Amino acid sequence: MALPRTFIEWDDRFSIKVEDIDYQHQELVNIMNRLYQAIVDRTAQSEGPKILDDLKIYTIAHFSVEESLMRIFGYEDYEVHKEQHRQLVEELQEVMLRVEAGEHHINSDLLIYLRKWLVNHIMHTDVKLGRFLIEQGIGKNKPWYKRIFS
Ligand SMILES: [Fe+2]
């Protein structure tokens with residue numbers, strides 16, 4: 001049986017209709033697909049930790065972009081959303097520690113866990129932020145930085 005080319009196929013259901021944020025979410029999906037590819041290629045034990053580290057670094061950067069936007073535009077659920085980000089980073093760090101300690105292997109179970117970790121947040125929490133940003137006049141073809149600086 002041929003394995004699918006990617007683990008997570010970007011889907012319009014994941015779109016929050018704010019181009020910059022969608023782009024960053026796609027990058028997170030791409031990093032997870034790199035991890036999938038490493039599992040398929042049987043290089044996950046050597047390359048996986050670096051990919052997980054990339055995922056962590058990109059996640060932290062991406063969350064700080066979202067948090068900046070929430071503050072700039074006075075989002076009322078800022079504290080709740082920010083707390084979710086903190087928990088997500090903590091969960092990822094715990095996974096990484098378990099991998100490092102040899103308690104968790106980089107395998108399909110881990111990928112399924114990470115997919116849920118990301119997709120649940122996008123589809124339940126970021127979608128609400130997207131609606132709010134669109135109300136503020138930010139959205140497809142209207143990058144937030146143009147709105148701020150013009
Ligand atoms: Fe978020």
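Note that the structure is predicted; figures quoted are calculated from it, not measured.

*Asks:* Quick question: what am I supposed to make of the packing of aromatic side chains here?
*Replies:* Aromatic ring pairs are described here by two measures, namely the spacing of the ring centres and the angle between the planes. Applying the stated criterion across every chain, the model contains three aromatic pairs. Ring centres of Tyr 75 and Phe 132 lie 4.8 Å apart, and the angle between their planes is 50°; this geometry places the pair in the tilted category. Placement of the pair is Tyr 75 in the loop between helix H2 (44–72) and helix H3 (78–100) and Phe 132 in helix H4 (residues 108–135), with a sequence separation of 57 residues. Given a relative accessible area of 10%, Tyr 75 falls into the buried group.

*Asks:* Mind showing me how you'd approach the side chain of Glu 66 here?
*Replies:* Here Glu 66 is to be found in helix H2. Within the buried set, Glu 66 has no salt-bridge partner at all; the shortest N-O distance to an opposite charge, 11 Å, is to Arg 71. Engagement of the side chain of Glu 66 in a polar contact is seen with the side chain of His 62, the distance being 2.9 Å. Those residues in contact with Glu 66 that lie beyond four places of it in its chain are Ile 21, His 25, His 81, His 85, His 121, Asp 126 and Leu 129.

*Asks:* Looking at this structure, I do not really get helix H1 (residues 19–40). What am I missing?
*Replies:* An α-helical turn contains 3.6 residues, so a residue and the one three or four places further along point in the same direction. Its 22 residues give H1 an end-to-end C-alpha distance of 31 Å, which sits within 8% of 32 Å, the value for a rise of 1.5 Å per residue. Backbone geometry just after H1 places Arg 42 at a positive phi near 60°.

*Asks:* Would you mind going over the nonpolar core with me for this structure?
*Replies:* One broad rule of soluble globular proteins: the nonpolar side chains tend to lie buried together. Judged by nonpolar contacts, the single largest core of 42 residues is most densely connected at Leu 35, Leu 52, Leu 55, Leu 114, Trp 117 and Leu 133. At the level of elements, H1, H2, H3 and H4 are the ones that each hand at least two residues to this core. For this core, the element with the most residues is H4, which contributes eleven residues. Ignoring sequence-local partners within four residues, the contact set of Leu 55 consists of Leu 28, Ile 31, Met 32, Leu 92, Leu 114 and Trp 117.

*Asks:* Where do I start with the layout of surface pockets in this structure?
*Replies:* In this approach a probe as big as a water molecule rolls over the atoms, and the regions it shows empty are the leftover space. The computed volume of the largest pocket comes to approximately 150 Å³. The set of elements that each furnish at least two residues to the lining of the largest pocket consists of H2 and H3. Here the lining of the largest pocket gets five residues from one element, more than from any other, and that element is H3. Partitioning the lining of the largest pocket into residue classes produces five nonpolar, one polar and three charged.

*Asks:* I keep staring at the pattern of salt bridges and nothing clicks. Help me out?
*Replies:* A side chain of one charge can pair with a side chain of the opposite charge if their charged atoms are brought near each other. On inspection of all chains with the given rule, the structure shows seven salt bridges. For the salt bridge of Glu 90 with Arg 86, the shortest nitrogen-to-oxygen distance reads 2.8 Å. Highlighted residues: Glu 90 and Arg 86, both in helix H3, separated by four residues, approximately one helical turn. Residue class for Glu 90 comes out partly exposed when judged on its relative accessible area of 36%. By relative accessible area, which is 42% here, Arg 86 ends up partly exposed.

*Asks:* What is the right way to read the packing of H2 against H4 from this model?
*Replies:* The relative placement of two packed helices comes down to the angle between their axes together with the axis-to-axis distance. In contact at an axis separation of 12 Å, H2 and H4 are set at 15° when each is read in the N-to-C sense. By the angle between their directions, the pair H2 and H4 is classed as roughly parallel. Taken as a pair, H2 and H4 cross one another with a handedness that is left-handed. When H2 is examined against H4, the residues Leu 52, Leu 55, Thr 59, Phe 63, Glu 66, Leu 69 and Met 70 are found in contact with a partner set consisting of Leu 110, Leu 114, Trp 117, His 121, Asp 126, Leu 129 and Leu 133. Residues of the contact of H2 with H4, tallied by class, amount to ten nonpolar, two polar and two charged.

Rules used in this analysis
Residues numbered from 1 in each chain as written. Predicted model: local features only at pLDDT ≥ 70, side-chain atom pairs only at ≥ 80, totals over all residues. Heavy atoms only, no water. Phe/Tyr/Trp six-rings, centres within 6.5 Å; stacked < 30°, edge-to-face > 60°. Helix = DSSP H or I, 4+ residues; strand = E, 2+ residues; numbered from the N terminus. Buried < 20%, exposed > 50% of the residue type's maximum accessible area, 1.4 Å probe, protein only. Lys, Arg positive; Asp, Glu negative; His and termini not counted. Salt bridge = Lys/Arg side-chain N within 4 Å of Asp/Glu carboxyl O. Polar contact = N/O pair within 3.5 Å; in protein donor to acceptor, adjacent residues only side chain to side chain. Contact = heavy atoms within 4.5 Å. Expected span 1.5 Å × (residues − 1). Core = buried A, V, L, I, M, F, W, Y, C linked by side-chain atoms within 4.5 Å. 1 Å grid on protein atoms, 1.4 Å probe; cavity = no way out; pocket = protein on both sides within 12 Å on 5 of 7 lines; lining within 4 Å. Points joined across faces, edges and corners; volume = space filled by probe spheres on them. Nonpolar A, V, L, I, M, F, W, Y, C, P; charged D, E, K, R; others polar. Axes fitted to C-alpha atoms, helices over the stretch in contact; angles between N-to-C directions. Parallel < 35°, antiparallel > 145°, perpendicular 65-115°, else oblique. Left-handed = near helix turned anticlockwise from the far one by under 90°.

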